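# Summary of the model geometry
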Protein chains: 2
Amino acid sequence: MSEIANTPEPPYYAVIFTSLRSDVDEDYAETAARMVELAARQAGFLGVESVRETLGITISYWSDLESIKNWKRQADHLQAQKMGREKWYSAYTTRIAKVERAYQK
Amino acid sequence: MSEIANTPEPPYYAVIFTSLRSDVDEDYAETAARMVELAARQAGFLGVESVRETLGITISYWSDLESIKNWKRQADHLQAQKMGREKWYSAYTTRIAKVERAYQK
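Residues numbered from 1 in each chain as written. Chains lettered and ligands numbered in written order. Predicted model: local features only at pLDDT ≥ 70, side-chain atom pairs only at ≥ 80, totals over all residues. Heavy atoms only, no water.

### Quick look at the interface of chain B and chain A
- Each side of the interface is counted separately: chain B has 44 residues, and chain A has 44 residues.
- Across the interface of chain B and chain A, roughly 3,900 Å² is buried in total on both sides, 57% from carbon and sulfur atoms.
- Sorting the residues of chain B by area buried against chain A places B:Arg95, B:Tyr103 and B:Lys105 first, and these three jointly supply 20% of that buried surface.
- Applying the counting rule to chain B against chain A returns two salt bridges.
- As a salt-bridge pair, B:Glu49 and A:Arg95 come within 3.3 Å of each other at their nearest N and O atoms.
- Linking chain B with chain A are 27 residue pairs in polar contact (both at pLDDT 80 or more).
- Of all elements in the fold, only β1 (12–21), β2 (45–52), β3 (55–62), α2 (65–73), α3 (75–88) and β4 (89–104) of chain B reach the threshold of two or more residues within the side of chain B that touches chain A. (Contact = heavy atoms within 4.5 Å. Buried area = accessible area lost by both parts, 1.4 Å probe. Salt bridge = Lys/Arg side-chain N within 4 Å of Asp/Glu carboxyl O. Polar contact = N/O pair within 3.5 Å; in protein donor to acceptor, adjacent residues only side chain to side chain. Helix = DSSP H or I, 4+ residues; strand = E, 2+ residues; numbered from the N terminus.)

Now the structure itself:
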């Protein structure tokens, strides 16, 4: 992904997912792409930014906490989260944050 | 940078800086590295994560808003921000967010 998310005026929420990959590639790239497409169709989705070198950072933006909870419980996403925990990532941290201010050039 | 920031239990704050570079490289890499070192010495600094492909995402973590304000006003950082606006970035968004929850593997 190579665009800055065009989010509305705060407040809104960010899910910051920072990760290190394992050496297991099985279904990873396809699933990651599919999860971005699926997230974008959920209620409350505002945008996503994703970059990886060794460290990966994916930030999805959401209108409210309820939308984040619904996305976390979405069936295909639950399966992807399980694969993430068990196979694709050696380590990760997920942070749920309320965006209070934003400015841009 | 290739490590996940080892942050304390929430709440704390995140400054999410998402950017696209211009084609001006003058002093960029040195200044970026120096700003990370300098930030790490400020009161309230908790950690930083930074990745760039075409899109760059740098997230610094802070204990409170006052620490973020102080860092924003730090003299060398003010000069770097001016160079960023005028030369290094074609576009960027800075978001200030309060981390409310976090979990990890």
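### Some points on the relation of the copies chain B and chain A
- Overlaying chain B with chain A gives an RMSD of 0.0 Å, the required rotation being 180° about an axis along which the chain moves by 0.0 Å. The transformation just described matches what one would write down for a two-fold rotation axis.
- Counting the interface residues of chain B, we find that 100% of their copies in chain A are interface residues as well, pointing to one common contact surface. (Least-squares fit on C-alpha atoms with pLDDT ≥ 70 in both.)

### Quick notes on the packing of α2(B) against α3(B)
All names here are of chain B.
- Packing of α2 against α3 brings their axes to within 5 Å, and their N-to-C directions diverge by 70°. Considering their axes alone, α2 and α3 lie roughly perpendicular with respect to each other. Contact residues: Trp 71, Lys 72 and Arg 73 in α2; Ala 75, His 77, Leu 78 and Gln 81 in α3.
- For the contact of α2 with α3, the residue count by class is three nonpolar, two polar and two charged. (Axes fitted to C-alpha atoms, helices over the stretch in contact; angles between N-to-C directions. Parallel < 35°, antiparallel > 145°, perpendicular 65-115°, else oblique. Nonpolar A, V, L, I, M, F, W, Y, C, P; charged D, E, K, R; others polar.)

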